[in-house]
Amino acid sequence: MKTTYAVLALALLVSLSAFAEVPTLNDDLLDHMVGQWVLQGTIAGKETRHDVLVEWVLGHQYIQMHEVSREKDSGGNPVYEATVFIGWDQRSARYACLWLDNTGGGGLNGQAIAYASRNGNEIPFLFHGADNSLFHTTFVYDKVADSWQWIMDGEEAGRLRPFARVTLKHK
């Protein structure tokens, strides 16, 4: 009986140490996104300003963006709020993004998951809607200004339709 407990204890320790040895995600481009930002620009044809907090989470495996519009609804709640996770999908060797927001866009049924391969200082995500629609979200880092540009476009019949042009600057 003591031998059985010893074997179980050893197996537990080995399995826990395997989890503890997961290497952190080290990504110089995502590192530049970490911080407190003010997002300003045009979304859906309307000038807007949001606050964005980006930090490494879950054992440094993902960055988490929390975006909150300064504009409030009649109940005093933000008109727009999102929580976004970006990490690295080792299997496909590309970034993975999960975008959840208060628009009810079907985030948990796969519509808010996108992938992208890095292109220099750009991360061009492509989201696939349940209705076969496409939505492009490209993050572009400006090293000189230490700022980010987000370019968001819907795609219809192969043509891009601008949705958002915003810039993130440090708070």
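You'll find the structure just up there.
It should be emphasised that the depicted structure is a prediction, and the values quoted were computed from it without experimental measurement. (Residues numbered from 1 in each chain as written. Predicted model: local features only at pLDDT ≥ 70, side-chain atom pairs only at ≥ 80, totals over all residues. Heavy atoms only, no water.)

Alignment of strand 1 (residues 35–43) against strand 2 (residues 46–57), held across nine bridges, turns out to be antiparallel. The residue of strand 2 that forms the bridge with Trp37 is Val52. The pairing of strand 1 with strand 10 (residues 159–170) spans seven bridges and is antiparallel. Looking across to strand 10, one finds that Leu39 is bridged to Leu168. (Pairing = 2+ DSSP bridges. Helix = DSSP H or I, 4+ residues; strand = E, 2+ residues; numbered from the N terminus.)

Evaluated as defined, the whole model comprises six salt bridges. The salt bridge involving Glu71 is made with Lys46; its shortest N-O contact spans 2.8 Å. Highlighted residues: Glu71 in the loop between strand 3 (62–69) and strand 4 (81–89) and Lys46 in strand 2, separated in sequence by 25 residues. Given a relative accessible area of 44%, Lys46 falls into the partly exposed group. A salt bridge links Asp51 to Arg70, with the shortest nitrogen-to-oxygen separation between them at 2.8 Å. Remark: Arg70 occurs in the loop between strand 3 and strand 4 and Asp51 occurs in strand 2; sequence separation between them is 19 residues. Overall, the relative accessible area of 38% leaves Arg70 in the partly exposed class. Each of Asp51, Arg70 and Lys171 takes part in one network of salt bridges that share partners. (Salt bridge = Lys/Arg side-chain N within 4 Å of Asp/Glu carboxyl O. Buried < 20%, exposed > 50% of the residue type's maximum accessible area, 1.4 Å probe, protein only.)

One non-glycine residue with positive phi stands out, namely Leu58, at about 50°. With respect to the helices, strands and loops of the structure, Leu58 is situated in the loop between strand 2 and strand 3. The backbone phi angle of His60 is positive, close to 65°, even though this residue is not glycine. By the secondary structure assignment, His60 is in the loop between strand 2 and strand 3. His60 sits in the partly exposed class, given a relative accessible area of 25%.

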